[in-house]
Amino acid sequence: MFDPSSLIDDMHRESEELDRLVGELGEDGWALPTPAEGWSIAHQIAHLAWTDRAALLAVTDAEAFGRETEKAFASQGSLVDEGAEEGARTAPARLLATWRAGRAELERKLRSAPPGTRIPWYGPPMSAASMATARLMETWAHGQDVADALGVMRTPTDRLQHVVRIGVRTRNFAFGVRGLSAPSEEFRVELVGPSGELWTYGPEGAAQRVTGPALDFCLLVTQRANRADLAVRVEGPDADKWLDIAQAFAGPSGAGRAPKGAAR
């Protein structure tokens, strides 16, 4: 049975890194616009706090979470934006405290989840390890928006391997969410991690291939940068199509980010 402790440790470290970016911001800093249209830094943290609360409910009360899922589907995606907007109107100190408390409680619950636990979510149920991976991925992605708003260059770490893994595993979902048939063959993915290690997925002899820096792949699958600005390369038409539509997050496909220098 897989022990998710080290993965949850990485989730904790990812949140702490983002906390260091926002923890000392004044009100003007919280109001700074981020690359996500209409979202300030406060919106980004409010969204993470909202999603942590949803994850905590899923872990602790599956029936109540089921009712929230029905609301989410009925809202056709507006519930997420409404949650971020409501949280962004909160005083920064209170929002920061809410985010810290929620993510700490979620971490405790994930650490104490019995082996084999399946947690309901907006897609298929997931294990505690998969939930931690999803929370780490989203924290990293929204943290990138915050860093961009502040003009901060973050030093990538090998925690990106968790983001890479979920990006690779959601290949078929990216096709399906757009009403497209997923390719029947496996792809080969070869990415260079921040420490220089080569991370590989799929059969070595696959005709469809994706290669490049792990950081760029993560920016692509979380839709934090335009493909034109990244050094991710492909071989094969299906792999090429995937990079145009890749998304590691649940929910409807987003519009993505414009290339650098393009008018917004």
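The structure we're discussing is the one just above.
The paragraphs below set out a description of the structure included in this document. Small disclaimer: the values here were computed from a predicted structure and weren't measured.

Definitions and limits used
- Residues numbered from 1 in each chain as written.
- Predicted model: local features only at pLDDT ≥ 70, side-chain atom pairs only at ≥ 80, totals over all residues.
- Heavy atoms only, no water.
- Helix = DSSP H or I, 4+ residues; strand = E, 2+ residues; numbered from the N terminus.
- Rg over C-alpha atoms; globule rule 2.2 N^0.38 Å.
- Buried < 20%, exposed > 50% of the residue type's maximum accessible area, 1.4 Å probe, protein only.
- Contact = heavy atoms within 4.5 Å.
- Areas by Shrake-Rupley, 256 points an atom, 1.4 Å probe, with all protein chains shown as cover.
- Lys, Arg positive; Asp, Glu negative; His and termini not counted.
- Charge placed at Lys NZ, Arg CZ, Asp CG, Glu CD.
- Expected span 1.5 Å × (residues − 1).
- Arc of directions from axis to C-beta.
- Pairing = 2+ DSSP bridges.
- Axes fitted to C-alpha atoms, helices over the stretch in contact; angles between N-to-C directions.
- Core = buried A, V, L, I, M, F, W, Y, C linked by side-chain atoms within 4.5 Å.
- Salt bridge = Lys/Arg side-chain N within 4 Å of Asp/Glu carboxyl O.

### Describing the overall build of the protein
Here's step 1: A tally of helices and strands in the protein yields 11 helices and four strands.
Here's step 2: Whereas a compact globule of 264 residues would reach a radius of gyration of roughly 18 Å, the protein reaches 18 Å, a difference of no more than 12%.
Here's step 3: Dimensions of the protein, computed from the C-alpha atoms along their principal axes, are close to 50 × 45 × 40 Å.
Here's step 4: Considering the protein as a whole, with its 264 residues, one finds that 47% of them fall into the buried category.
Here's step 5: Long-range pairs, those at least 24 residues apart, make up 66% of the contacts in the protein between residues at least 6 apart in sequence.
Here's step 6: Surface exposure of the protein reaches about 13,100 Å², of which carbon and sulfur atoms provide 51%.
Here's step 7: Across the protein, the mean location of the 29 positive side-chain charges is 1 Å away from that of the 37 negative side-chain charges.

### Examining helix H6 (residues 92–112)
Here's step 1: In this model H6 runs 30 Å from its N-terminal to its C-terminal C-alpha over 21 residues, within 8% of the 30 Å that 1.5 Å per residue would give.
Here's step 2: Burial in H6 covers these residues: Pro92, Leu95, Leu96, Trp99, Gly102, Arg103, Leu106, Glu107 and Leu110. Down the axis of H6, the buried set is contained in an arc of 135 degrees. They therefore lie on one face. Exposed residues on H6 whose side chains face more than 90 degrees from its buried face are Ala93, Arg94 and Ser112.
Here's step 3: For H6, the secondary structure elements touched by its buried residues are helix H1 (5–22), helix H2 (27–30), helix H3 (41–60), helix H5 (78–88) and helix H7 (128–150).

### Focus: the sheet that holds strand S4 (residues 233–235)
Here's step 1: Taking strand neighbours across the sheet as the criterion, the four strands line up as S2-S1-S3-S4 in an open arrangement whose pairing is mixed. Across the chains shown, the open sheet's two edge strands, defined by having one partner strand only, are strand S2 (198–201) and S4. Averaged over all neighbouring strand pairs, the angle between strand axes comes to 10 degrees, with direction disregarded.
Here's step 2: In terms of strand pairing, strand S1 (residues 188–192) meets strand S3 (residues 209–213) through five bridges, oriented parallel. When the sheet's bridge partners are listed, leucine 191 is paired in S3 with glycine 212.
Here's step 3: Most of the contacts of helix H8 (residues 160–169) go to S2, to which it runs at about 20 degrees, and overall it touches S1 and S2.

### As for the nonpolar core
Here's step 1: In this structure, Leu110, Trp121, Val164, Val210, Phe217 and Trp242 are the most contacted members of the largest nonpolar core, which totals 50 residues.
Here's step 2: Residue contributions to this core peak at nine residues, all from H7.
Here's step 3: The next biggest cluster of nonpolar side chains, apart from the first, holds 17 residues, and it includes Trp30, Ala46, Leu48 and Ala49.

### A look at the side chain of threonine 139
Here's step 1: Residue placement: threonine 139 occurs in helix H7.
Here's step 2: If sequence neighbours within four positions are ignored, threonine 139 has contacts with Glu14, Ser15, Leu18 and Leu48.

### Thoughts on the environment of alanine 128
Here's step 1: Its place among the elements puts alanine 128 in helix H7.
Here's step 2: On the basis of relative accessibility, which here comes to 9%, the residue alanine 128 falls in the buried class.
Here's step 3: As for alanine 128 and glutamine 161, which are separated by 33 residues in sequence, their C-alpha atoms are 17 Å apart.

### Things to note about unusual backbone geometry
Here's step 1: Of note, the phi angle at glutamine 223 is positive, near 55 degrees, even though the residue is not glycine.
Here's step 2: As for its position among the elements, glutamine 223 is in the loop between helix H10 (214–221) and S4.

### Observations concerning the pattern of salt bridges
Oppositely charged side chains can form a pair if their charged atoms are brought close together.
Here's step 1: In the structure shown here, the tally under the stated rule is 21 salt bridges.
Here's step 2: Among the salt bridges present, the one from arginine 135 reaches aspartate 52, with a minimum N-O distance of 2.9 Å. Taken together, the residues arginine 135 in helix H7 and aspartate 52 in helix H3 connect sequence positions 83 residues apart.
Here's step 3: For arginine 135, a relative accessible area of 2% translates into the label buried.
Here's step 4: In this structure aspartate 52 comes out as buried when scored by relative accessible area, which is 5%.
Here's step 5: A single network of salt bridges, built from pairs that share partners, joins Glu14, Glu17, Arg154 and Arg159.

### Examining the pairing of S3
Here's step 1: Two elements, S3 and S4, share three bridges in a ladder whose sense is antiparallel. Its bridge partner being in S4, threonine 211 is matched across the sheet by arginine 233.

All quantities given are derived from atomic positions and should not be read as evidence of function.
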